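Given next are the chains, with one letter for each unit.
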Protein chains: 2
Amino acid sequence: MRLAELSERSGVPIATIKYYLREGLLSPGRQINARTAEYDEEHLRRLRLVRALIQVGRLPVATVREVLGHVDDDGLPRTIRMGAALWALPQAPEPDEDDEHVRGAHETADRLLADLGWTNAQALVTISPAYRSLVVALAALRRLGYDWDPQLLLSYARLMHGAAVLDLDFVETHASEAEKVETAVLGAVLVEPMLQALHRLAQEEESARRYGFA
Amino acid sequence: MRLAELSERSGVPIATIKYYLREGLLSPGRQINARTAEYDEEHLRRLRLVRALIQVGRLPVATVREVLGHVDDDGLPRTIRMGAALWALPQAPEPDEDDEHVRGAHETADRLLADLGWTNAQALVTISPAYRSLVVALAALRRLGYDWDPQLLLSYARLMHGAAVLDLDFVETHASEAEKVETAVLGAVLVEPMLQALHRLAQEEESARRYGFA
């Protein structure tokens, strides 16, 4: 397809597509003469991903370039490739390891992973931004005087594991390895806001069921 | 307790507490002489809440004041009081109702609520920011060519309902009505980042289980 059709099918203005091409976020089309290039379905898919990361995920162009670099690195095994792409997304800041609440949060998080039997996640604690985010969130709660009941934390973790199983089942419905990794990245950017909205809606529903509106 | 002890027990600097007092985010202590006021456990609890909303939730002072106004409005029944406090938190922007993807997203969201039998949430669709956030998230996915399998969406919603049940069970462990509403607000600000971190950790665990690291 030509640039105009790519723009129409993706809903992305031509000027924006040209900008993405200049920034290397989209690979060049096949040049069919000096003024015209031809684009294919893979360009369309990539354009949608870039658009989602920039418009919905609000990622800066440099971060998008880094994420795409991992998505395209087909020398890596799938877990590492997905992980690298996901880990390039914005993450919680480094926790302050000298803070007593951070140390307490590490203990809570480590016990949680042990109780869950998440041995793979345990193997990744020194490098995983998700683990770091969990420690930051738990430390913020401890600082406010909330120490979590380990059973409650376990129950939340099991629910989120259920969500992860759904995520990966959906990723696996895609045929190619590139699409699988792309879908995992899109999921992180687009599914999380949906889950948050569903969580708040469920709170409204449950609260009204328990206490009514009166 | 005196101001110095309030500061020490909360971890909030004295100058910051004075600022919150001036801004009306914290009610004045009981004046025991011209220079000294006495604070109680309720001040401590409120101070922690204000701190969480500002430091972790990054809410502007005016928003915090609005949220607290609802928390303190004990003329309201609990569902409405919680709802008002939660709805004063920052929310997704208004969806553009002229956009075809937004219209499609409304259909998907409405069918979801009907399939779930969430009749209370259905009664709130015209005013609920959570419903609006869901429509925005679904419209973003549709714009990228992802139309959701209704069964998958149902499964996600049921998991988040499980989380909401845990949330409200925890809220109910608190004795006073004021603490219950405060806990619900804290939960929205502090539990959501924890759930997001658990979700990403679970994805790592599940991905490694399915595909290994090799």
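Keep in mind that this is a model prediction, so the values were computed, not measured.

Colleague: Just to check I follow, could you spell out the interface of chain B and chain A for this structure?
Modeller: Interface size is commonly expressed as the accessible surface area that is lost when the partners come together. Counting from both sides, the interface comprises 80 residues of chain B and, opposite them, 80 residues of chain A. At the boundary of chain B with chain A, total buried surface from both sides reaches about 7,800 Å², with 68% on carbon and sulfur atoms. Here Arg210 of chain B makes a salt bridge to Glu172 of chain A, at a shortest N to O gap of 3.2 Å. Along the contact surface separating chain B from chain A lie 26 residue pairs in polar contact (both at pLDDT 80 or more). Where the side of chain B that touches chain A is concerned, the elements lending two or more residues are helix H3 (41-56), helix H5 (78-87), helix H6 (100-116), helix H7 (119-123), helix H8 (129-143), helix H9 (150-172) and helix H10 (177-211) of chain B.

Colleague: Is there a simple way to explain the pattern of salt bridges in this structure?
Modeller: According to the stated counting rule, one finds 24 salt bridges over all chains in the structure shown. In this structure, Glu182 of chain A and Arg46 of chain A form a salt bridge, with 3.2 Å as the shortest nitrogen-oxygen distance. Note that Glu182 of chain A is positioned in helix H10 (residues 177-211) and Arg46 of chain A in helix H3 (residues 41-56), a separation of 136 residues in sequence. Residue Glu182 of chain B pairs with Arg45 of chain B through a salt bridge whose shortest N-O separation is 3.0 Å. Of this pair, Glu182 of chain B sits in helix H10 while Arg45 of chain B sits in helix H3, placing them 137 residues apart in sequence.

Colleague: When you look at the pairing of strand E1 (residues 30-33) of chain A in this model, what are you seeing that I'm missing?
Modeller: Within a regular strand, side chains alternate between the sheet's two faces. All names here are of chain A. Pairing between E1 and strand E2 (residues 36-38): 3 bridges, direction antiparallel. When the sheet's bridge partners are listed, Arg30 is paired in E2 with Glu38. Between E1 and E2, which pair antiparallel and follow one another directly, the connecting turn spans 2 residues.

Colleague: How do you make sense of the nonpolar core when you look at a structure like this?
Modeller: Considering soluble globular proteins, one finds that nonpolar side chains tend to be buried as a cluster. Ranked by size, the top nonpolar core spans 147 residues in total, and within it Tyr156 and Met194 of chain A together with Tyr156 and Met194 of chain B carry the most contacts. Ranked by residues supplied to this core, first place goes to H10 of chain B with 15 residues. Sequence-distant contacts of Met194 of chain B, that is, excluding residues within four places in its chain, are made with Leu134, Ala137, Leu138, Leu141, Trp148, Leu153 and Tyr156 of chain A.

Colleague: Teacher, can you tell me more about the relation of the copies chain B and chain A here?
Modeller: What relates the pair of chain copies is a rotation about an axis plus a shift along that axis. Here chain B sits on chain A after a turn of 180° about the axis and a move of 0.0 Å along it, with an RMSD of 0.0 Å. Here the symmetry operator amounts to a two-fold rotation axis. Closest approach to the rotation axis among the C-alpha atoms of chain B is made by Leu159 of chain B, whose C-alpha sits 3.0 Å away. In this assembly the copies share their binding face: 100% of the residues contributing to the interface of chain B also contribute to that of chain A.

Colleague: What's the story with the packing of helix H1 (residues 3-10) of chain A against H3 of chain A in this structure? I'm lost.
Modeller: For any two helices packed against each other, the geometry is given by the interaxial angle and the distance between the axes. All names here are of chain A. Contact geometry of H1 with H3 gives a least axis separation of 10 Å together with a crossing angle of 45°. For the element pair H1 / H3, the angle class is oblique. When you trace H1 past H3, the crossing you get is right-handed. Contacts from Leu6, Arg9 and Ser10 of H1 reach H3 at Glu41, His43, Leu44, Leu47 and Arg48. Here the contact of H1 with H3 is composed, by residue class, of 3 nonpolar, 2 polar and 3 charged.

Colleague: Would you explain H5 of chain B in this entry?
Modeller: In an α-helix, one turn spans 3.6 residues, which is why side chains three or four residues apart end up on the same side. Counting buried residues in H5 of chain B gives 8 out of 10 residues, a clear majority hidden from the surface. Burial in H5 of chain B covers these residues: Arg78, Thr79, Arg81, Met82, Gly83, Ala84, Ala85 and Leu86 of chain B. The inward-facing, buried residues of H5 of chain B abut H10 of chain A together with helix H4 (61-71), H9 and H10 of chain B.

Colleague: Help me understand the side chain of Thr108 of chain B, please; the structure alone is not making it clear to me.
Modeller: Residue and element names in this part refer to chain B. Checked against the element boundaries, Thr108 lands in helix H6. On the basis of relative accessible area, Thr108 is assigned to the buried category, the value being 16%. Leave out the neighbours within four places in its chain, and Thr108 touches Leu138, Arg142 and Leu153.

Colleague: Just to check I follow, could you spell out the packing of aromatic side chains for this structure?
Modeller: Pairs of aromatic rings are described using the distance from one ring centre to the other and the angle between the two planes. All names here are of chain A. The full count for this structure, using the stated rule, is 2 aromatic pairs over all chains. Here Tyr19 and Tyr20 contribute two aromatic rings whose centre-to-centre distance is 6.0 Å and whose plane-to-plane angle is 50°, an arrangement assigned as tilted. You can call Tyr19 partly exposed: its relative accessible area is 32%. Tyr20 sits in the buried class, given a relative accessible area of 3%.

Colleague: Please clarify how the UniProt feature "domain: HTH merR-type" (unreviewed entry) in chain A should be interpreted in this entry.
Modeller: What UniProt calls "domain: HTH merR-type" (unreviewed entry) maps, in this numbering, to residues 1-70 of chain A. Note that residues 1-70 of chain A is 61% helix and 10% strand, and that its end C-alpha atoms are spaced 27 Å apart.

Colleague: How do you make sense of the domain arrangement of chain A when you look at a structure like this?
Modeller: Residues and elements named next belong to chain A. The assigned domain composition of chain A is domain 1 (3-87) and domain 2 (100-211). The C-alpha centroid of domain 2 is placed 28 Å from the C-alpha centroid of domain 1. At the interface, 15 residues of domain 1 touch 18 residues of domain 2. Taken over both partners, the interface formed by domain 1 and domain 2 buries close to 1,600 Å², and the fraction arising from carbon and sulfur atoms is 75%. Remark: the boundary between domain 1 and domain 2 carries 2 residue pairs in polar contact (both at pLDDT 80 or more). Only H3, helix H4 (61-71) and helix H5 (78-87) provide two or more residues apiece to the side of domain 1 that touches domain 2. Here the side of domain 1 that touches domain 2 is composed, by residue class, of 10 nonpolar, 1 polar and 4 charged.

Colleague: What is the right way to look at the environment of Arg200 of chain A in this model?
Modeller: Along the chain, Arg200 of chain A turns up in helix H10. Classification of Arg200 of chain A by relative accessible area gives buried; the value is 18%. Contact partners of Arg200 of chain A, with chain neighbours within four places excluded, come to Pro90, Gln91, Ala130, Ala188 and Glu192 of chain B.

Rules behind the numbers
- Residues numbered from 1 in each chain as written.
- Chains lettered and ligands numbered in written order.
- Predicted model: local features only at pLDDT ≥ 70, side-chain atom pairs only at ≥ 80, totals over all residues.
- Heavy atoms only, no water.
- Contact = heavy atoms within 4.5 Å.
- Buried area = accessible area lost by both parts, 1.4 Å probe.
- Salt bridge = Lys/Arg side-chain N within 4 Å of Asp/Glu carboxyl O.
- Polar contact = N/O pair within 3.5 Å; in protein donor to acceptor, adjacent residues only side chain to side chain.
- Helix = DSSP H or I, 4+ residues; strand = E, 2+ residues; numbered from the N terminus.
- Pairing = 2+ DSSP bridges.
- Core = buried A, V, L, I, M, F, W, Y, C linked by side-chain atoms within 4.5 Å.
- Buried < 20%, exposed > 50% of the residue type's maximum accessible area, 1.4 Å probe, protein only.
- Least-squares fit on C-alpha atoms with pLDDT ≥ 70 in both.
- Axes fitted to C-alpha atoms, helices over the stretch in contact; angles between N-to-C directions.
- Parallel < 35°, antiparallel > 145°, perpendicular 65-115°, else oblique.
- Left-handed = near helix turned anticlockwise from the far one by under 90°.
- Nonpolar A, V, L, I, M, F, W, Y, C, P; charged D, E, K, R; others polar.
- Phe/Tyr/Trp six-rings, centres within 6.5 Å; stacked < 30°, edge-to-face > 60°.
- UniProt positions renumbered as here; feature names shortened; annotations may be inferred.
- Domains from an automatic or database assignment.

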